[in-house]
Amino acid sequence: MSGAAEEADSPPTHMSEDSPGSSSSGGSGGGRRTPDLRGGDNGGGPRASSSSSSAPPDQVLDNVLESVLEFLTAARDRNAASLVCRSWYRAEAQTRRELFIGNCYAVDPRRAVARFRAVAAVVLKGKPRFADFSLLPDGWGANVKPWLEALGPAYPCLERICLKRMTVTDDDLGLVARSFPGFQELSLVCCDGFSTLGLAVIAEGCRHLRVLDLIEDYVDQEDEAVDWISKFPVSNTSLESLMFDCVGAPFNFEALEALVARSPSLRRLRVNHHVSVEQLRRLMARAPQLTHLGTGAFRPEAPQGEGMSVSELAPSFAASTSIVCLSGFQEVNPEYLPAIYPVCGNLTSLNVSFASLTAEDLTPVIRQCHKLQTFWVLDTVGDEGLRAVAETCSDLRELRVFPLDATEDSDGSVSDVGLQAISEGCRKLESILYFCQRMTNAAVVAMSNNCPDLVVFRLCIMGRHRPDRITGEPMDDGFGAIVKNCKKLTRLSVSGLLTDKAFAYIGQYGKLIKTLSLAFSGNSDLSLQFLFEGCTRLQKLEVRDSPFSDRGLLCGLDYFYNMRFLWMNSCRLTMRGCREVAQRMPNLVVEVMEEQNEDKVETETVDKLYLYRSLAGPRGDAPPLVKIL
Amino acid sequence: MAGADVDVGTELRLGLPGGGAEAAKAGKRGYEDTIDLKLTLPTGGMQEDSAGKPEPAADKAKRPAEAAAADPEKPPAPKAQAVGWPPVRSYRRNAMTVQSVKIKKEEETEKQQPAGAAAGANGSNFVKVSMDGAPYLRKVDLKMYNTYKDLSIALQKMFSTFTATGKIRHRNEGKMVEAVNGSDVVTTYEDKDGDWMLVGDVPWEMFVASCKRLRIMKGSEAIGLAPRAKDKYKNKS
């Protein structure tokens, strides 16, 4: 995994590339007009075209160089080192242990394995993020199979595979188990295509498995779920982490209990909602050494009054003195929450974002969580609940507030009041995701002043084009203050009523921004122009439902090679503009999905555009709906 | 908390509290259950629980912790929702939907069980109904009715012989009630906590879930009940 992004005691950051520490540059300095494929996290950079003629070859012995390069872990730094000269390129290629491919279509797998000969871990990302919001058609692509077919023969000693937003079939999992005898870690985030059958194959085939983390995947429900838990080795296992809260099917609980009992290294366990508090107690008795626990349903098996009482559950938590991360609570009965009090004082991470808790439910819990650094919650706790968080959790680094009712017309239970409170109480905040219906510029400005360490600021005002609820003004000034005052900001999502002015600010001040998401914002193509010209580190731009036309798109021509991708849907693009981009930029793949109409006549309007730099050329696995220009 | 909710209903006055201000505040999620159950009047302008919100979240919704927004009722016709907006992962959307449906089902099953001996798989919910001055009690199955109006009609039929004027009055929203005379009666209920509440304050489902028995009492005895009802349910689900 890109090491900086994954912290041991937070909920999985979903292989996120937003991390406070990684400010390693590698970005291009001057000469913005020359295509600079080095600038990103693309694992397959080109050879430097100009280096061989001028400087003499470096005198350092290759093996000494390799020893030094072993210490270089960040992909960006390695990319930079590989461009120094040929011998550095070779040395770096021999010593790269983790292969990070930010876009699985950016390079041909065979080319990647040809260059890097000693890889132990592979991280692959597939679909663009808007696939999570049902904006991509089924069968769009990002199949892992071609990659596995290349990785298998090339890296028989491969230990770790992490996939995000890729389609992984049961057969693919079988290929993993067969290809890599020493396989240790499998992490699937937001993937789809597999079922319990594939999990059984992994459990059975990978005898040295240490990590099986399934995070927010869409697991196919078979008619008869396979008892995959029983397929793990019958002797003591090496398991350190087992996370399967997204596997919807019921499973063999006795087998899990036995598995936990014979996995002495197990530190992280997240079960699905088929686990009651009674069963949880049994599991916790078997694994008192857990550091991360996903609690399943957190309600009793039997209706109220007949099951286990809270006081019978609390001792299990009292005995689990190592727990620092709690999640689950998927069908929580709030009466059982007090059972977790014994561990609250140690918690650095708490995820109750699948539990409809009120402020009353939450407050007694959160008041004990003095060390909390990561907190995910539903907006049902309201501004009052957030106030309690602000008053207690002065060490908070990451906050995510999700909406219970994710529709535009919902009432929304949190507002600028909650945001203001958080900003005043949690001064060390680095990352925030906040869904609400009502917001003010003042609260956003306050956060920009109170929380200067912000790296990720994602504010989603759910009603479209909503202005400041008090002044009626656009939200330009609020977001302007964020980009101006939060000097470490690398990721920004904007919402509410926004004019071109907001993007002028972002272009002017958002010099470190790598990822930017816009929706229903801006007045004109000027917005795009401001962004392309101003945000020199921009790598990922996602735009939807904004009044940008071909003219705005073409403003980006000089910058697309520095970016991983651009996504635009429901804007005002036409085929003509997209074709022009494709023609002028040979190393870009330009995919469009046209607006559907009943006649199936080819229209000029482009509904969805996804363009990305690539050394592989147009892919061959696109479905009929996708046209590659 | 900003925007403290001044509850007009806590004012002490003669007669049953009413007043237009409450309508606006209570209107947030369609909690406009307080209808005029005077049977001689048609429903006339009083809104019942808006059944038009199919989201599972609506039934389990808690009152917003802050009521600072002066939002009136939502526009009648919601505009077309944009696909994938707000940007909540479909994984999360699915998980919440499944969960809330499951919990709602379980809660309904739970609530029916203490409600009476007749509770069974069909989910009936019989409660005793007493009326001051009547020689015997009756029983009604709350599950047979969907609204306060239906219930009042049924009670009316059951007890019509015992009231002087033939009227059974329930919570009257939006109107100042005239001074109660001895012939008017009011319906109250005992809830799970043992408190006697005025019928009609809370959404129908909440009432059914918490009602243990009904009592029809003289209007003069009913003064002072309503404020507790408002306070009690103000911060609950």
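Position numbers for residues start from 1 in each chain and track the written sequence from start to end. For naming, the first written chain is A and the first written ligand is 1, with later ones following in the order written. Per-residue local features of the predicted model are confined to residues with pLDDT of at least 70, and side-chain atom pairs are confined, for both listing and counting, to 80 or more; whole-chain, interface and lining totals are unaffected and use all residues. As a convention, hydrogens and water are excluded, and side-chain values are obtained from all of the structure's heavy atoms.

1. Details of the overall build of chain B
For step 1, the next point in the chain: The helix and strand inventory of chain B stands at 6 helices and 6 strands.
For step 2, the next point in the chain: Runs of E in the DSSP output that reach at least two residues are strands. Runs of H or I that reach at least four are helices, and both are numbered from the N terminus. Reading chain B from its N terminus to its C terminus gives the helix and strand order α-α-α-β-β-α-β-β-β-α-β-α.
For step 3, the next point in the chain: In chain B, which comprises 237 residues, the proportion classed as buried is 44%.
For step 4, the next point in the chain: If you take every contact in chain B between residues at least 6 apart in sequence, the share linking residues at least 24 apart comes to 61%.
For step 5, the next point in the chain: Here chain B displays about 11700 Å² of accessible surface, and carbon together with sulfur accounts for 55% of that area. Each residue gets one of three labels from its accessible area relative to the maximum for its type: buried under 20%, exposed over 50%, partly exposed in between, using a 1.4 Å probe on protein chains only. In what follows, residue pairs with any heavy atoms lying within 4.5 Å of each other are defined as contacts. In these tables, accessible area is a Shrake-Rupley quantity obtained with a 1.4 Å probe, and a residue counts as shielded only by the protein chains included in the view.

2. Let's talk about the pattern of salt bridges
Residue and element names in this part refer to chain A.
For step 1, the next point in the chain: Counted as salt bridges are all cases of a side-chain nitrogen of Lys or Arg within 4 Å of a carboxyl oxygen of Asp or Glu. Evaluation of the coordinates by the stated rule reveals 36 salt bridges over all chains.
For step 2, the next point in the chain: Among the ionic pairs, D453 bridges to K488, the shortest N-O distance being 3.1 Å. Separated by 35 residues along the polypeptide, D453 in the loop between α16 (441-450) and β16 (456-461) and K488 in the loop between α17 (476-485) and β17 (491-493) bring together distant segments of the chain.
For step 3, the next point in the chain: Ionic contacts of the salt-bridge type, sharing partners, join the residues E17, K125, K540 and R564 into one network.

3. What to know about the packing of aromatic side chains
For step 1, the next point in the chain: For this analysis, a ring pair means two rings from Phe, Tyr or Trp (six-membered ring only for Trp) whose centres lie within 6.5 Å, classed as stacked if their planes differ by under 30 degrees, edge-to-face if by over 60, and tilted for the remaining angles. Evaluation of the coordinates by the stated rule reveals 25 aromatic pairs over all chains.
For step 2, the next point in the chain: With a centroid separation of 4.8 Å and 65° between ring planes, the pair formed by A:F298 and A:F329 is classed as edge-to-face. With a gap of 31 residues between them, A:F298 in the loop between β10 (292-295) and α11 (310-319) and A:F329 in the loop between β11 (325-327) and α12 (341-344) connect regions that are remote in the sequence. Note on accessibility: A:F298 and A:F329 belong to one class, buried.
For step 3, the next point in the chain: Considering the side-chain rings of A:F354 and B:Y91, the 6.4 Å spacing of their centres and the 90° angle between planes classify their relative orientation as edge-to-face. You can see A:F354 sitting in the loop between β12 (349-351) and α13 (359-366) and its partner B:Y91 sitting in helix α3 (residues 90-112), one on each of two chains. For the pair formed by A:F354 and B:Y91, the shared burial category is buried.

4. Things to note about the packing of α13(A) against helix α14 (residues 382-392) of chain A
Residue and element names in this part refer to chain A.
For step 1, the next point in the chain: Their axes nearest at 9 Å, the elements α13 and α14 cross at an angle of 10°. On the basis of the axis angle, α13 is roughly parallel to α14. On α14, the residues that touch A359, L362, T363 and I366 of α13 are E384, G385, A388, V389 and T392. Note on method: axes are straight lines fitted to C-alpha atoms, helices fitted across the in-contact stretch only, with angles between N-to-C directions ranging 0 to 180 degrees. Each angle gets one of four labels, with under 35 degrees taken as roughly parallel, over 145 as roughly antiparallel, 65 to 115 as roughly perpendicular, and the rest as oblique.

5. Some remarks on the pairing of strand β9 (residues 268-271) of chain A
Residue and element names in this part refer to chain A.
For step 1, the next point in the chain: Of the strand pairs in this sheet, strand β8 (residues 241-243) and β9 are connected by 3 bridges, and their pairing is parallel. When the bridges of β9 are listed, M243 appears paired with R270.
For step 2, the next point in the chain: With helix α9 (residues 253-261) bridging β8 and the parallel β9, this β-α-β connection has right-handed handedness.
For step 3, the next point in the chain: Here 4 bridges tie β9 to β10, and the two strands are oriented parallel to one another. Residue pairing for β10: V271 is matched across the bridge by T295.
For step 4, the next point in the chain: Orient the strands so they point away from the viewer, and a crossover whose first-strand-to-second-strand path over the helix runs clockwise is right-handed. Taken together, β9, helix α10 (residues 277-286) and β10 constitute a β-α-β crossover, and its handedness is right-handed. Should DSSP find at least two bridges between two strands, the strands are regarded as paired.

6. Some details on unusual backbone geometry
For step 1, the next point in the chain: Note the cis peptide between B:W85 and B:P86, where omega equals -5°.
For step 2, the next point in the chain: Inspection of the secondary structure assignment puts B:P86 in the loop between α2 (56-60) and α3.
For step 3, the next point in the chain: Phi is positive for A:H465, close to 55°, though the residue is something other than glycine.
For step 4, the next point in the chain: For A:S570, which is not glycine, the phi torsion reads 55° and is therefore positive.
For step 5, the next point in the chain: Classification of A:S570 as partly exposed rests on a relative accessible area of 29%.

7. Looking at a nonpolar patch on the surface
For step 1, the next point in the chain: On the surface, a nonpolar cluster with roughly 280 Å² of combined accessible area is contributed by A:L61, A:V64 and A:V68.
For step 2, the next point in the chain: Along the chain, A:V64 falls in helix α2 (residues 62-69). Surface patches are drawn from residues lacking salt bridges whose relative accessible area is over 30%; two like charges belong together within 9 Å, two nonpolar side chains (Val, Leu, Ile, Met, Phe, Trp, Tyr) within 5 Å.

8. Observations regarding the UniProt feature "domain: Transport inhibitor response" (unreviewed entry) in chain A
For step 1, the next point in the chain: Taking the numbering used here, the UniProt-annotated feature "domain: Transport inhibitor response" (unreviewed entry) corresponds to residues 119-163 of chain A.
For step 2, the next point in the chain: For residues 119-163 of chain A, the helix share is 22%, the strand share is 20%, and the end-to-end C-alpha distance is 16 Å. UniProt positions are given in the numbering used here, feature names are shortened, and annotations may be inferred rather than shown by experiment.

9. Quick notes on a negative patch on the surface
For step 1, the next point in the chain: The grouping of A:D220, A:E222, A:D223 and A:E224 at the surface amounts to a negative patch.
For step 2, the next point in the chain: Tracing the backbone through its elements, the reader meets A:E222 in the loop between β7 (218-220) and β8. When charges are counted, Lys and Arg are positive and Asp and Glu negative, with His and the chain ends excluded. The atom standing in for a charge is NZ when the residue is Lys, CZ when it is Arg, CG when it is Asp and CD when it is Glu.

10. Quick notes on the packing of α14(A) against helix α15 (residues 416-425) of chain A
Residues and elements named next belong to chain A.
For step 1, the next point in the chain: At a minimum axis distance of 8 Å, the contact between α14 and α15 shows a crossing angle of 0°. Taken together, the axes of α14 and α15 are roughly parallel relative to one another. Of the residues in α15, those in contact with D383, L386, R387, V389 and A390 of α14 are V417, G418, A421, I422 and G425.
For step 2, the next point in the chain: Ten residue types, Ala, Val, Leu, Ile, Met, Phe, Trp, Tyr, Cys and Pro, are classed as nonpolar, four, Asp, Glu, Lys and Arg, as charged, and the remainder, Gly among them, as polar. Class assignment for the residues of the contact of α14 with α15 results in 6 nonpolar, 2 polar and 2 charged.

11. A short note on the environment of A:V277
Residues and elements named next belong to chain A.
For step 1, the next point in the chain: You can see V277 is positioned in helix α10.
For step 2, the next point in the chain: In this structure the C-alpha to C-alpha distance between V277 and P156, which are 121 residues apart in sequence, comes to 42 Å.
For step 3, the next point in the chain: Those residues in contact with V277, other than ones at most four positions away along the chain, are F298, R299, P300, M308, L313 and Y336.

12. A short note on the pairing of strand β15 (residues 431-436) of chain A
Consecutive side chains along a regular strand alternate between the two faces of the sheet.
All names here are of chain A.
For step 1, the next point in the chain: Most of β15 sits inside the fold, with 6 of its 6 residues counted as buried.
For step 2, the next point in the chain: Here β15 shows no split at all, with S431, L433 and F435 on one side and I432, Y434 and C436 on the other all buried.
For step 3, the next point in the chain: Strand direction decides the pairing type here: strand β14 (residues 398-402) and β15, joined by 4 bridges, are parallel. Bridge assignment links E398 to a residue of β15, and that residue is S431.
For step 4, the next point in the chain: Of the crossover connections in this fold, the one passing from β14 over α15 to the parallel β15 is right-handed.
For step 5, the next point in the chain: Of the pairings in the sheet, the one linking β15 to β16 comprises 6 bridges and is parallel in character. Its bridge partner lying in β16, L433 is registered against R458.
For step 6, the next point in the chain: What joins β15 to β16 is α16, and the crossover it makes is right-handed.

13. Comments concerning the state of the cysteines
For step 1, the next point in the chain: We call a pair of cysteine sulfur atoms a disulfide when they lie within 2.5 Å. All told, the structure shown has 0 disulfides over all chains when counted by the stated rule.
For step 2, the next point in the chain: Its sulfur unpaired, A:C325 is 12 Å from the next cysteine sulfur, which belongs to A:C369.

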